[in-house]
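# Reading the structure
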Amino acid sequence: MAEQPNRFKELSASQQRQLRAAGFSNLPLEFSEEHPITGHAGAQLLSNFYVASGMKGLLEKHVDMEYQGIEYTKEDLLHQVIQIYATGLGCMERASEMAEDPAFRLARGAKSDSCPQNLRYFISRLAEEEQALKLESCVSDYGVSQLASNETEYEFVLDMSRLQSRGHQEGVKPGRLGDGRIRKCHSFLIGAERHSQQVLTAEYYKGGTDPKPHLKEQVTKLRQAACDLTGQAEALIRIRLDGGFFSWDNVDFLNLLPPIDKESQDLLEVIEGQSNILYAMKIDSQKGSLELAHSLDYTPSKFKERQDAGEKLSRKETSKLKFEYSEFRYGSTNRNKEDRIVVRRRAVDQPKAKQLKLPTFGEDQCYNYEFLVTNSTEAPEDVWLWYDDGGFIEQIIENGKNGCAWECLDGHGYEENRICFLLKVLAFNLDRAFQKKALADTPASQWEIPTFLRRIIRIPALLCRRGKGWVLRAWKEHPLAHILQQAQSRTIKLAMAQLE
């Protein structure tokens, strides 16, 4: 059989014309470049920051499992797994793609990339030796290490989300998803600090877990984080909670928080005339509270006037909704105390067609009502502006799912998926810490995680030899060249400070 031509120019002129008429493009693929090429030049910066920021040392300290493979150590595999998630590759199965891009291997200083099967075996070993609690401690310690210790105010947010199981993972219980269907799913609850966007607590649960019973444990951990930062419990702590955490038992817990330790009893009393634990929790409409809300006098929002006066208010869209605010004291029938309820209402459009409409609980003929229970003494509108501004926790979850594959279930068992999720949270914290420190004072520090990965990590470059080492050569007219050089310089300074 005659050998087929592999070049367009080897064809006859008539054959070339026929192929061009059919839409064939003359762009031959030739493997002639001597230098390897990468599409992830930024992975090297992130991998160095993994070492310089202390995450490598923390994992070595907390993950005390004895593991020594034929070719890879425990530290090598942990570094590779974090790199997979932090650079946006998504799932562990894509580890096989890392061998096609030498930047990942050279960034870690490794001889080769481990295959997905070996990584899964390593994760199963972590699950067998119950390393999840130690990884949770690593998440907390790393998050605390990336916060500024000189702050006098910290703001924490909590939220729970669910991950749908698309396979037959063990240990997964049925739980109600957001679309109302009952399917197998996992749940996770995270607590984060608002200004740094670092996740400080991360818990992984089975099925459709109710967040209410877990509030006390999470708030205690967040308060301990603030105590570790300042050395004493004198920081003002704000906690923003959505309606999924509401119960009167949780309200009583927040009102009567015990001190972290006996020595800090005096420090927990008052800061500027207020309790140092301020909270705002959304509550469901109840019959008694709704009746009170109907009879109140309301004050129109002054958002636009305050904004025109130069006051910095982040919730610009609230001026269009024409909210009105009021407050009252309310307590359930089985409690002997009343709490401050801040109510917000807005007018709703009436249906044009006159038809019989059943009454809807939570709204009357003209208004929709929303309620917050809080111990803050601020004006009702200020409490609501603070609560709305703290809604970025949903953005953290969305960034984690879209950027660091929180939604992907890599394992075949509950404990394995739990280990993978905690490693993904660490990868998210690594990305955010890199943005806040290495990319500080640049627009890149505020980008969403998918944008950060696309513009900072996925940069094409040539890998060239320089002496006994390698150098990455990217396009000299790259619009972000100065930002990337700055990140490289700051990472080196951070690494040198770790050695001192």
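Shown above is the structure to which this text applies.
Report follows, based on the coordinates. (Residues numbered from 1 in each chain as written. Predicted model: local features only at pLDDT ≥ 70, side-chain atom pairs only at ≥ 80, totals over all residues. Heavy atoms only, no water.)

### Some points on the overall build of the chain
- In terms of helices and strands, the chain carries 18 helices and 13 strands.
- By the burial criterion, 48% of the 500 residues in the chain qualify as buried.
- Here the contacts in the chain between residues at least 6 apart in sequence split such that 71% fall between residues at least 24 apart.
- Taken as a whole, the chain presents about 26,500 Å² of accessible surface, with 49% of it coming from carbon and sulfur. (Helix = DSSP H or I, 4+ residues; strand = E, 2+ residues; numbered from the N terminus. Buried < 20%, exposed > 50% of the residue type's maximum accessible area, 1.4 Å probe, protein only. Contact = heavy atoms within 4.5 Å. Areas by Shrake-Rupley, 256 points an atom, 1.4 Å probe, with all protein chains shown as cover.)

### As for the packing of aromatic side chains
- Enumeration over the complete set of coordinates arrives at 17 aromatic pairs.
- Judged by centre distance (5.4 Å) and plane angle (85°), the ring pair of Phe49 and Phe434 falls under edge-to-face. Separated by 385 residues along the polypeptide, Phe49 in helix α2 (residues 43–52) and Phe434 in helix α16 (residues 414–438) bring together distant segments of the chain. With respect to burial, Phe49 and Phe434 carry one shared label: buried.
- Arranged with centres 4.8 Å apart and planes meeting at 35°, the rings of Phe188 and Phe421 form a pair that is tilted. Residue Phe188 is located in strand β4 (residues 182–193), and its partner Phe421 is located in helix α16; the two are separated by 233 residues in the primary sequence. The same class applies to Phe188 as to Phe421, namely buried.
- One aromatic cluster in this structure is built from Phe188, Tyr204, Trp406, Tyr414, Phe421 and Phe428.
- The side chain of Arg238 reaches across the aromatic face of Trp386, ending 4.9 Å from its centre.
- Here the guanidinium or amino end of Arg345 rests over the ring plane of Tyr367, the centre of that ring lying 3.8 Å away. (Phe/Tyr/Trp six-rings, centres within 6.5 Å; stacked < 30°, edge-to-face > 60°. Lys NZ or Arg CZ within 6 Å of the ring centre and 35° of its normal.)

### A word on α2
- Here α2 lies mainly inside the structure; seven of its 10 residues are buried.
- Here α2 has its buried residues at Ala43, Leu45, Leu46, Ser47, Phe49, Tyr50 and Ala52.
- At the exit of α2 stands Gly54, carrying a positive phi of roughly 95°.

### Examining the nonpolar core
- Within the largest apolar cluster, 78 residues are counted, with the highest numbers of intra-cluster contacts made by Leu59, Ile190, Trp406, Leu423, Phe434 and Ile456.
- If one sorts the elements of this core by residue count, α16 sits on top with 14 residues.
- Excluding residues that lie within four positions of it along the chain, Trp406 makes contacts with Leu163, Phe188, Ile190, Val199, Ile396, Ile397, Gly400, Lys401, Phe421, Lys424, Val425 and Phe428.
- Core analysis: the second largest hydrophobic core is formed by 39 residues, Tyr154, Met160, Val219 and Leu254 among them. (Core = buried A, V, L, I, M, F, W, Y, C linked by side-chain atoms within 4.5 Å.)

### Overview of the layout of surface pockets
- One number sums up the size of the largest pocket: a volume of about 560 Å³.
- Lining the largest pocket are 22 residues, with Ala41, Gln44, Leu472, Arg473 and Gln488 positioned closest to its centre.
- Broken down by secondary-structure element, the contributors of at least two residues to the lining of the largest pocket are α2, α6 (102–108), β13 (469–473) and α18 (481–499).
- Of the residues contributing to the lining of the largest pocket, the split by class is 15 nonpolar, five polar and two charged. (1 Å grid on protein atoms, 1.4 Å probe; cavity = no way out; pocket = protein on both sides within 12 Å on 5 of 7 lines; lining within 4 Å. Points joined across faces, edges and corners; volume = space filled by probe spheres on them. Nonpolar A, V, L, I, M, F, W, Y, C, P; charged D, E, K, R; others polar.)

### Comments concerning the pairing of strand β11 (residues 367–374)
- Relative to β11, strand β7 (residues 277–283) is paired through four bridges, and the arrangement is antiparallel. When the bridges of β11 are listed, Ile283 appears paired with Phe371. (Pairing = 2+ DSSP bridges.)

### A word on helix α7 (residues 116–128)
- Taking 1.5 Å of rise per residue, 13 residues should cover 18 Å, and α7 covers 18 Å from first to last C-alpha, within 8% of that figure.
- Along α7, the residues that are buried comprise Pro116, Leu119, Phe122, Ile123, Ser124, Arg125, Leu126 and Ala127.
- Elements in contact with the buried residues of α7: α4 (74–86), α5 (95–98) and α16.
- Of the residues flanking the end of α7, it is Glu130, one or two places downstream, whose phi is positive at about 55°. (Expected span 1.5 Å × (residues − 1).)

### A short note on the packing of α2 against α18
- Axis separation between α2 and α18 bottoms out at 9 Å; the angle between their running directions is 20°. Classified by the angle between their axes, α2 and α18 sit roughly parallel to one another. Note that α2 runs across α18; the crossing there is left-handed. Contacts from Gln44, Leu45, Asn48, Phe49 and Ala52 in α2 reach Leu484, Gln488, Thr491, Leu494, Ala495 and Gln498 in α18.
- Considering only residue class, the contact of α2 with α18 consists of six nonpolar, five polar and no charged. (Axes fitted to C-alpha atoms, helices over the stretch in contact; angles between N-to-C directions. Parallel < 35°, antiparallel > 145°, perpendicular 65-115°, else oblique. Left-handed = near helix turned anticlockwise from the far one by under 90°.)

### Overview of the sheet that holds strand β1 (residues 37–38)
- One open sheet holds the three strands; their spatial order is β1-β12-β13, and the pairing between them is antiparallel. Edge positions in the sheet fall to β1 and β13, since each of these pairs with one other strand and no more.

### Comments concerning the environment of Ala192
- Assignment of secondary structure puts Ala192 in strand β4.
- Take Ala192: its relative accessible area is 0%, and that puts it in the buried class.
- With 34 residues separating them along the chain, Ala192 and Leu158 place their C-alpha atoms 6.7 Å apart.
- Excluding its chain neighbours within four sequence positions, the residues that come into contact with Ala192 are Glu155, Phe156, Val157, Gln198, Val199, Leu200, Ile393 and Ile396.

### A look at the pattern of salt bridges
- Applying the stated criterion across every chain, the model contains 22 salt bridges.
- Bridged by salt links that share partners, the residues Lys282, Arg344, Glu370 and Asp388 form one connected network. (Salt bridge = Lys/Arg side-chain N within 4 Å of Asp/Glu carboxyl O.)

### Observations regarding unusual backbone geometry
- Notably, Ala405 is not glycine yet its phi reads approximately 60°, a positive angle.
- Mapped onto the elements, Ala405 comes out in the loop between α15 (393–403) and α16.
- According to the relative accessible area criterion, Ala405 is buried, its value standing at 8%.
- The backbone phi angle of Asp441 is positive, close to 65°, even though this residue is not glycine.
- Structurally, Asp441 is set in the loop between α16 and α17 (449–457).
- Taking relative accessible area as the criterion, Asp441 reaches 75% and is therefore assigned exposed.

Geometry only, nothing functional implied.
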